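Understanding the architecture of this molecule
Below, each chain spelled out in residue letters.
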Amino acid sequence: MTLTISQLPAIKTLLDLVRPSHLDSTIHSNARLHPVEYSPQILIPNDFDVFFKKYSQSQVGTRPKLVSIDGGNYTTGNVSDILSLKESSLDVQTVMGLLGKEQEVTLYQVGDITGLESFNNFLDALDKSYCAGDDPNVDGVYPNTQPGGFTGPEDCGGESAALVISTSYGYQEADLTPAYMQRQCAEYGKLALTGVTFVFSTGDSGVAGWDGSCLTADGQQEQGAPGFNPDFPAGCPWVTTVGATQIVPGNGPDASKESAVFQRYFTGGGFSNIFPRADFQADAVEGYLKAHVPPLPAGVFNASGRGFPDVAANGLNYSVAVQGELILISGTSAAAPTIAALLTAVNDARLAVGKKSIGWANPVVSFRLFPGFVRGSCADWTTRFSALQVSRNL
């Protein structure tokens, strides 16, 4: 089943519920959604018109507003390499199409064409006080003297934070030190207190790393190892992590036949090895572990860790314009901007009646784990941990 802007009745219905039609003429200027893209991922501007001519003709000619961080430019790069175009095209076309022409979408483009930038470099741009703690072994250092590098000073506190920030990139926890992750997670929490909602995808490799690697007993990433290999910052409790679902084949658009995605890839999910189980999910996770004890040896995953994802949306077969043609793309990278667009519509409705933005969303979104496992990676297992995309009390 192909998911297109014209074939999203469920999402459109949710958008209408949280942002009623009588508010459409008074879109709140502060209800902003900014997707974040990291170079060398780029866009071809004309692809927007291919997409909008098919699905949203009133938006033909519309482009995202650019916020350049550390030399970021979404048109500078290798436009002949389709792999450098898919991610950004998917993210930005999805949110722009869902929100419509009245809602401006701004794109944070981070880093120069050398691709040395990191999530910390992005956070530096939002918070000057965060700049001093970067790790040169992980984070980009500016000025960058490499060919094509950004020669200016690092962007430090020069940009404002949107109310919803959507990111479809991630690390494995095993890639980073605990101190590095804990510091970054705390920054997400601090910014959430100001009313910002951070949305992250959970990856497309089940409980394994992006390359299929899992963890040995001493925490090393290896092919064929038994231990789950959790994502970061998906395990950080201050971000809202998004998994992917699909309709089970043969059921048409019947949402009651929804499942964690299993065609083409396995949605990311699992339990953090760094961050403990969060209070807001304690009952749901405990109930899952009691009712659906996974048939796995002890120690394969950290049952006391923060469980993820928090919510989920369809992540199969999104129609996206790339290099002038419509193609199908699947992944949690599709589900995350979809949820981000929904949360932006919630903010719009709240601000229109004088309420504050959502900020930290996790305590007020539902959390449910689909039981069951399917064969895959990590000692021949991969999870179907996922969550239902129903919001409450927003």
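This section reports on the structure supplied with the text.

**Topic: the state of the cysteines**
This model, assessed by the stated rule, comprises two disulfides. One disulfide in the model links Cys131 with Cys156; its S-S distance is 2.0 Å. On the sign convention where negative means left-handed, the S-S torsion of about 130 degrees between Cys131 and Cys156 marks this disulfide as right-handed. Taken as a pair, Cys131 in the loop between α4 (119-126) and β4 (164-167) and Cys156 in the loop between α4 and β4 lie far apart in primary sequence, 25 residues in all. According to the relative accessible area criterion, Cys131 is buried, its value standing at 13%. Two residues share a disulfide in this structure: Cys185 and Cys236, whose sulfurs sit 2.1 Å from each other. Taking the sign of the torsion about the S-S bond as the criterion, the disulfide between Cys185 and Cys236, at about 85 degrees, is right-handed. Here the residue Cys185 occupies a position in helix α5 (residues 178-192), and Cys236 occupies one in the loop between β9 (231-232) and β10 (240-247), the gap between them amounting to 51 residues. Across the pair, Cys236 and Cys185 agree in class, each one buried.

**Re the pattern of salt bridges**
Across all of its chains, the model carries five salt bridges by this definition. With its nearest N and O atoms 2.9 Å apart, the salt bridge here joins Asp49 to Arg63. Note that Asp49 is positioned in helix α2 (residues 45-55) and Arg63 in the loop between α2 and β2 (65-69), a separation of 14 residues in sequence. Of the charged contacts in the structure, one is a salt bridge between Asp127 and Lys190, with a shortest N-O distance of 2.6 Å. With Asp127 in the loop between α4 and β4 and Lys190 in helix α5, this pair connects stretches of sequence that are 63 residues apart. Using a relative accessible area of 38% as the deciding quantity, one classes Lys190 as partly exposed. One salt-bridge network, in which partners are shared between bridges, spans Asp127, Glu187 and Lys190.

**Looking at the packing of aromatic side chains**
Here the structure, examined in full by the defined rule, presents 16 aromatic pairs. Between Tyr188 and Phe200 the ring centres are 5.5 Å apart and the planes differ by 70 degrees, which places this aromatic pair in the edge-to-face class. With Tyr188 in helix α5 and Phe200 in strand β6 (residues 197-201), the pair connects residues that are 12 residues apart, well separated along the chain. Across the pair, exposure class does not vary: Tyr188 and Phe200 are buried alike. The structure contains a cluster of three or more aromatic residues connected by ring pairs, namely Tyr38, Phe119, Tyr169, Tyr171, Tyr188, Phe198 and Phe200.

About the cut-offs
Positions within a chain are numbered from 1, following the residues in the order the chain's sequence is written. For this predicted model, a pLDDT threshold of at least 70 governs which residues receive local features, and a threshold of 80 or more governs which side-chain atom pairs are given and counted, while totals over whole chains, interfaces and linings are taken from all residues. With hydrogens and water set aside, each side-chain value is computed from the structure's full complement of heavy atoms. What counts as a disulfide here is a pair of cysteine sulfur atoms lying within 2.5 Å. For helices the rule is a DSSP run of H or I covering at least 4 residues; for strands it is a run of E covering at least 2, with both sets numbered from the N terminus onward. Here the term buried applies to any residue with accessible area under 20% of the maximum for its type, exposed to any over 50%, and partly exposed to those in between, with areas from a 1.4 Å probe on protein chains only. What counts as a salt bridge is simple: a side-chain nitrogen of Lys or Arg found within 4 Å of a carboxyl oxygen of Asp or Glu. Any two of the Phe, Tyr and Trp rings considered here, Trp counted by its six-membered ring, make a pair once their centres fall within 6.5 Å; the pair's planes then place it as stacked at under 30 degrees, edge-to-face at over 60, or tilted in between.

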